[in-house]
Amino acid sequence: ETSWSMVCITLSLSVGGSVGTRGRGPPVERTLQVVGAFPGLGAQCPGDPADCVDIIKEIRKFYDVGIPTFAICLGHQLMALSVGGETERMKYGHRGANHPVKFLHEDRTYLSSQNHGYMVNGKGLPSNAEINCINVNDKTVEGIVYHGKPIFTVQFHPEASAGPRDTSFLFDRFLKMVAEGRYDD
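Each chain has its residues counted from 1, running along the sequence as written. Reporting in this predicted model follows two pLDDT cut-offs: at least 70 for local features of residues, and 80 or more for side-chain atom pairs to be given and counted; totals over whole chains, interfaces and linings ignore these cut-offs and use all residues. Side-chain measures here rest on the full set of heavy atoms in the structure, leaving out hydrogens and waters.

A closer look at the overall build of the protein
Working step 1: For the purposes of this entry, the term helix denotes a DSSP run of H or I that reaches at least four residues, the term strand denotes a run of E that reaches at least two, and both are numbered from the N terminus. Across its full length, the protein holds four helices and eight strands.
Working step 2: Put simply, the protein runs from its N terminus to its C terminus through helices and strands in the order β-α-β-α-β-α-β-β-β-β-β-α.
Working step 3: Residues counted as buried form 46% of the 185 residues belonging to the protein.
Working step 4: Residue pairs at least 24 apart in sequence account for 61% of intrachain contacts in the protein once pairs closer than 6 positions are excluded.
Working step 5: Element-wise, carbon and sulfur atoms account for 51% of the exposed surface of the protein, whose accessible area totals about 9,100 Å². Each residue gets one of three labels from its accessible area relative to the maximum for its type: buried under 20%, exposed over 50%, partly exposed in between, using a 1.4 Å probe on protein chains only. Note on contacts: a residue pair qualifies if any of its non-hydrogen atoms lie within 4.5 Å across the two residues. The Shrake-Rupley method, run with a 1.4 Å probe, gives the accessible areas here. Residue values count only the displayed protein chains as cover.

What to know about the side chain of asparagine 135
Working step 1: One can find asparagine 135 in strand E6 (residues 129-135).
Working step 2: A 3.5 Å cut-off defines polar contacts: any pair of N or O atoms within that distance qualifies, except that in protein one atom must be a possible hydrogen donor and the other a possible acceptor, and neighbouring residues in sequence count only when both atoms are side-chain atoms. Engagement of the side chain of asparagine 135 in a polar contact is seen with the backbone nitrogen of asparagine 137, the distance being 2.8 Å.

Some thoughts on the pattern of salt bridges
Working step 1: Salt bridge criterion: a side-chain nitrogen from Lys or Arg within 4 Å of a carboxyl oxygen from Asp or Glu. Within the structure shown, the criterion is met by three salt bridges.
Working step 2: With a shortest N-O distance of 3.1 Å, lysine 61 and glutamate 58 are connected by a salt bridge. In this pair, lysine 61 and glutamate 58 are both assigned in helix H2 (residues 53-65), three residues apart and thus about one turn of the helix distant.
Working step 3: Owing to a relative accessible area of 45%, lysine 61 belongs among the partly exposed residues under this scheme.
Working step 4: Note on glutamate 58: relative accessible area 35%, which makes it partly exposed.

Some details on the packing of aromatic side chains
Working step 1: Pairing of aromatic rings covers Phe, Tyr and Trp, the last counted by its six-membered ring, and requires centre-to-centre distances within 6.5 Å; plane angles under 30 degrees mean stacked, over 60 mean edge-to-face, and any other angle means tilted. This structure, assessed with the given rule, holds four aromatic pairs.
Working step 2: Note on tyrosine 63 and tyrosine 146: the rings are 6.0 Å apart at their centroids and 80° apart in plane angle, and the pair reads as edge-to-face. Here the residue tyrosine 63 occupies a position in helix H2, and tyrosine 146 occupies one in strand E7 (residues 141-146), the gap between them amounting to 83 residues.
Working step 3: Ring pairs connect the aromatic residues Phe103, Tyr110 and Phe156, which therefore count as one cluster.
Working step 4: Comment: the charge-over-ring label is applied if NZ (Lys) or CZ (Arg) is within 6 Å of the ring centre and within 35 degrees of the ring normal. The ring centre of tyrosine 63 lies 4.8 Å from the NZ or CZ of lysine 149, which sits over that ring.

Some thoughts on the pairing of strand E8 (residues 151-154)
Working step 1: Side chains of E8 alternate between two faces, with Ile151 and Thr153 and Phe152 and Val154 buried alike.
Working step 2: Bridging between strand E3 (residues 69-72) and E8 involves four bridges; their strand directions are parallel. Paired with phenylalanine 70 across the two strands is phenylalanine 152, which belongs to E8.
Working step 3: Note: two strands are recorded as paired if DSSP finds a minimum of 2 bridges between them. Direction of pairing for E7 relative to E8: antiparallel, over a ladder of four bridges. Counterpart to glycine 143 in the pairing with E8 is valine 154.
Working step 4: Connecting E7 to the next strand, E8, in antiparallel fashion are four residues, including glycine 148 with a positive phi near 85°.

Thoughts on the side chain of threonine 69
Working step 1: With respect to the secondary-structure elements, threonine 69 resides in strand E3.
Working step 2: Assessed through its relative accessible area of 10%, threonine 69 is described here as buried.
Working step 3: At 2.7 Å, the side chain of threonine 69 and the backbone oxygen of isoleucine 67 are in polar contact.
Working step 4: Residues contacting threonine 69, with those up to four places away along its chain left out, are Phe62, Met79, Pro150, Ile151, Phe152, Phe174 and Met177.

Thoughts on the sheet that holds E7
Remark on secondary structure: sheet strands pair via backbone hydrogen bonds, oriented parallel or antiparallel.
Working step 1: With mixed pairing, the six strands of this open sheet are ordered in space as E3-E8-E7-E6-E4-E5. Looking along the sheet, the strands with just one partner apiece sit at the ends: E3 and strand E5 (108-120). Strand-to-strand twist of the sheet, defined as the mean angle between neighbouring strand axes without regard to direction, takes the value 25°. Between the N-to-C directions of two axes lies an angle of 0 to 180 degrees, each axis being a line fitted to C-alpha atoms and, for a helix, fitted only over the stretch in contact.

That's the geometry; what it means functionally is another story.
And the structure:
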C-alpha cells in the first residue's frame, strides 16, 4: 500500500474541504489556516481575488512543480489567475444551494452549493486548461482541468453536499489523481 501525506490549505474560515476526503484515504495531517496572512483574504468572499498577489505566486508553484491539486471556490479562481487566467466581478454572484452545474463530458448536471461574487471568465488560460463544467443558469465557468498536470478545480463547494452528495465523487477523483500522480486525461 502506498503511503503519503496530505495537507489542506484553507484560504477562508471553512475547513469543510478536508471533510470530503474523510474515509477515502489517509487522514489530512494538517490544515494550514492562512486567514489574514495575505492582503485581501478574509471569509468566503474576500473581494477581488486578483488582489491576492502573494498567494497567487505561491499557487503557481503548485502548477509548475505538478503538485496534485484539487482547488475549490477561491482556490479555483486563484489557480486560474496563477496561470494567466482572468476573473471578473459578477453582477449578483452565486449564493446558496441548488445551483445546477453541468459536467460537459458527462452531459450530466449536478446540484451544487455556492458562495462567490467573482468568477473565472475563461480568458487568458493556458492551452492545457479545459473548461469542463459550466453553470446551467448563466454559463459561467464552474470547473477547469489542467491537462498534463495533476490539477483540477471547481468553483462550487462539493463538500457542502447540495444534492445531497451529488459531487462527492470529486474527492475520489482527487485521491486517485494523488495516487497516480496525474489527472486521468
